[in-house]
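Listed below, chain by chain, are the residues.
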Amino acid sequence: MDSDLFSGRRAERFAQLLDEANGGRRHHVRSRADSGLTGLVEIGRRLTVERPTVDVDSEFRTGLRAMLVATAERESATAASASASGAATGIRGALLPAITGRRARARGAILVGVAAGAIALSGISAASENALPGDALYGMKRSTERAQLALANSDISRGQLFLGFARTRLDEADSVRHDRLGFSAVLDDMDADTRQGVRLLTTVAAQRSDPTALDAVDTFLAGQRRVVSGLLDRPDHADRDRTRRSLALLDAVGRRADALREAIACGLPVPAGSDSLGPTPTGCPGDR
């Protein structure tokens, strides 16, 4: 028995069963995979009949559409290549259209299922937006963030997303005020997101010799410094020390952005060295 749920015969049989469940013609065949696919077919039928009434975020919709279009284009190119190769081999070429059609229907059914499932999950994703560390939906919240990063179409977008996540972690920090380990863990995540976002944006600025990408860093620092400073009033000495480390990181980010702007202004090439905050400019010649 084929152990891969969506490989070859299983995918084709899933498409057939889904067609039948939604009123399509019956194929009058049985497969050993039928029992394992029954639950998935029922989910597919219910998603078709009882469409979930959720508001899908426009950014999520755009990213999902782009992903599905890219997949469809890739599959079309593969099918066209296989058809051209088969045409040169006689009988094999005559069989390819039928085989390709079955595979297309199977893959189409899978894509529809993935899309419907993603849209349904977007309702859960929306519900998890305000989840805090320790909540049942907090894992979904973090998974949604990773999905947003995967769908981002440029390093600038990804950098801005990381800085947005750092702001979110800061908002969460106040919710764990009575949990020293939880507070430190949230700030660790916040600092990691800060470094990731800054590194992406400073790298783009250096590569393009254009400081525009650094504007997002400046905007982030203006708000983040103020709110992080507000955490210094915590009564626990260890919490204050941990907060000071995050403030030191923000100060380092500010110095890096200023140095990179200066290097770009005096026409220096992309710095060869880099660290966790991105390229390390050496300063303009006149400053040495």
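Only a predicted model underlies this, so the values are computations on that prediction, with no experimental measurement involved.

Rules behind the numbers
- Residues numbered from 1 in each chain as written.
- Predicted model: local features only at pLDDT ≥ 70, side-chain atom pairs only at ≥ 80, totals over all residues.
- Heavy atoms only, no water.
- Helix = DSSP H or I, 4+ residues; strand = E, 2+ residues; numbered from the N terminus.
- Buried < 20%, exposed > 50% of the residue type's maximum accessible area, 1.4 Å probe, protein only.
- Contact = heavy atoms within 4.5 Å.
- Areas by Shrake-Rupley, 256 points an atom, 1.4 Å probe, with all protein chains shown as cover.
- Phe/Tyr/Trp six-rings, centres within 6.5 Å; stacked < 30°, edge-to-face > 60°.
- Axes fitted to C-alpha atoms, helices over the stretch in contact; angles between N-to-C directions.
- Parallel < 35°, antiparallel > 145°, perpendicular 65-115°, else oblique.
- Left-handed = near helix turned anticlockwise from the far one by under 90°.
- Core = buried A, V, L, I, M, F, W, Y, C linked by side-chain atoms within 4.5 Å.
- Salt bridge = Lys/Arg side-chain N within 4 Å of Asp/Glu carboxyl O.
- Expected span 1.5 Å × (residues − 1).
- 1 Å grid on protein atoms, 1.4 Å probe; cavity = no way out; pocket = protein on both sides within 12 Å on 5 of 7 lines; lining within 4 Å.
- Points joined across faces, edges and corners; volume = space filled by probe spheres on them.
- Nonpolar A, V, L, I, M, F, W, Y, C, P; charged D, E, K, R; others polar.
- pLDDT = per-residue confidence, 0-100.

Asker: How would you summarise the overall build of the protein if you had to cite specific residues and measurements?
Answerer: Counting its secondary structure elements, the protein contains nine helices and two strands. Shown N-terminal to C-terminal, the secondary structure of the protein runs as helices and strands in the order α-α-α-α-α-α-α-α-α-β-β. Looking at the protein as a whole, 33% of its 288 residues qualify as buried. Put simply, 61% of the contacts in the protein that link residues at least 6 apart link residues at least 24 apart. Accessible surface, the protein: about 16700 Å² in total, of which carbon and sulfur atoms supply 54%.

Asker: Before we move on, could you go through the packing of aromatic side chains and cite the residues and values that matter?
Answerer: Under the defined criterion, the tally for this structure stands at one aromatic pair. Seen from their ring centres, phenylalanine 162 and phenylalanine 165 are 6.4 Å apart, and the 80° between their planes marks the pair as edge-to-face. Placement of the pair is phenylalanine 162 and phenylalanine 165 together in helix α6 (residues 155–173), with a separation of three residues, close to one helical turn. Phenylalanine 162 sits in the buried class, given a relative accessible area of 13%. Classification of phenylalanine 165 by relative accessible area gives buried; the value is 7%.

Asker: I'd love a proper account of the packing of helix α5 (residues 138–151) against α6, names of residues and values included.
Answerer: The contact between α5 and α6 brings their axes to 10 Å, and the two run at 165°. Taken as axis vectors, α5 and α6 run roughly antiparallel relative to one another. When you trace α5 past α6, the crossing you get is right-handed. Mapping the contact onto sequence places Tyr138, Lys141, Arg142, Glu145, Gln148 and Leu149 in α5 and Arg158, Leu161, Phe162, Phe165, Thr168, Arg169 and Glu172 in α6.

Asker: Pulling in residues and values, what's your account of unusual backbone geometry?
Answerer: We note that serine 209 has phi near 50°; this positive angle belongs to a residue other than glycine. Looking at the element boundaries, serine 209 is found in the loop between α7 (180–208) and α8 (214–230).

Asker: Let's hear about the environment of glutamate 262: which residues, and what values?
Answerer: As for its placement among the helices and strands, glutamate 262 is situated in helix α9 (residues 237–265). In this structure the C-alpha to C-alpha distance between glutamate 262 and cysteine 284, which are 22 residues apart in sequence, comes to 7.1 Å.

Asker: Please give an account of the side chain of arginine 169 that cites residues and values.
Answerer: On the secondary structure map, arginine 169 appears in helix α6. Residue arginine 169 is classed as buried on the basis of its relative accessible area of 0%. Every residue in contact with arginine 169, bar those within four places of it in the chain, is listed here: Tyr138, Lys141, Arg142, Glu145, Val186, Asp189, Met190 and Asp193.

Asker: Report on the nonpolar core, specifying residues and quantitative values.
Answerer: Within soluble globular proteins, side chains that are nonpolar tend to cluster in buried spots. Counting residues in each nonpolar core, the largest one holds 30 residues, and the members touching the most others are Val217 and Val253. Of all the secondary structure elements, the ones that give two or more residues to this core are α6, α7, α8 and α9. Ranked by residues supplied to this core, first place goes to α7 with nine residues. Those residues in contact with valine 217 that lie beyond four places of it in its chain are Leu163, Val198, Leu201, Val253 and Ala257.

Asker: With reference to specific residues and values, describe the pattern of salt bridges.
Answerer: Opposite charge on two side chains permits them to pair, given that their charged atoms come into close proximity. By the definition in use, this model includes 15 salt bridges. Here arginine 261 and aspartate 215 are joined by a salt bridge, their closest N and O atoms 2.8 Å apart. One end of the pair, arginine 261, is in helix α9; the other, aspartate 215, is in helix α8, with 46 residues separating them in the sequence. The exposure class of arginine 261 is partly exposed, given its relative accessible area of 24%. Through salt bridges with shared partners, a single ionic network connects Lys141, Arg142, Glu145, Arg169, Glu172, Asp189 and Asp193.

Asker: I'd like to hear about α8, residue by residue, with values.
Answerer: Helix length check: α8 (17 residues) gives 25 Å between terminal C-alpha atoms against 24 Å at 1.5 Å per residue, within 8%. Residues Leu214, Ala216, Val217, Phe220, Leu221, Gln224 and Val228 constitute the buried set of α8. Check the buried side of α8 and you find it contacts α6, α7 and α9.

Asker: Go over empty space enclosed by the protein with me, naming the residues and quoting the values.
Answerer: Over the atoms a probe the size of a water molecule is rolled, and this reveals where empty space is left. Scanning all chains against the criterion turns up one cavity of 30 Å³ or more. Approximately 40 Å³ is the volume found for the largest cavity. Lining the largest cavity are Ala206, Ser209, Leu260, Ala263, Ile264, Leu268, Pro269, Val270, Pro271 and Pro281. Looking at the lining of the largest cavity residue by residue, the classes come out as nine nonpolar, one polar and no charged.

Asker: Can you break down the packing of α7 against α9 residue by residue, with the values?
Answerer: In a packed pair of helices, the relevant descriptors are the angle between the two axes and the axis-to-axis distance. Interhelical geometry of α7 versus α9 gives an angle of 5° and a closest axis separation of 10 Å. The orientation of α7 with respect to α9, classified from their angle, is roughly parallel. In the contact of α7 with α9, the residues fall into twelve nonpolar, five polar and seven charged.

Asker: Describe in detail the confidence of the model for the protein, supporting the description with residues and values.
Answerer: Per-chain confidence: the protein averages 76 in pLDDT, with 60% of residues scoring 70 or above. Segment residues 1–6: pLDDT under 50, and 15 contacts once partners within four positions in sequence are set aside and those in other chains are kept.

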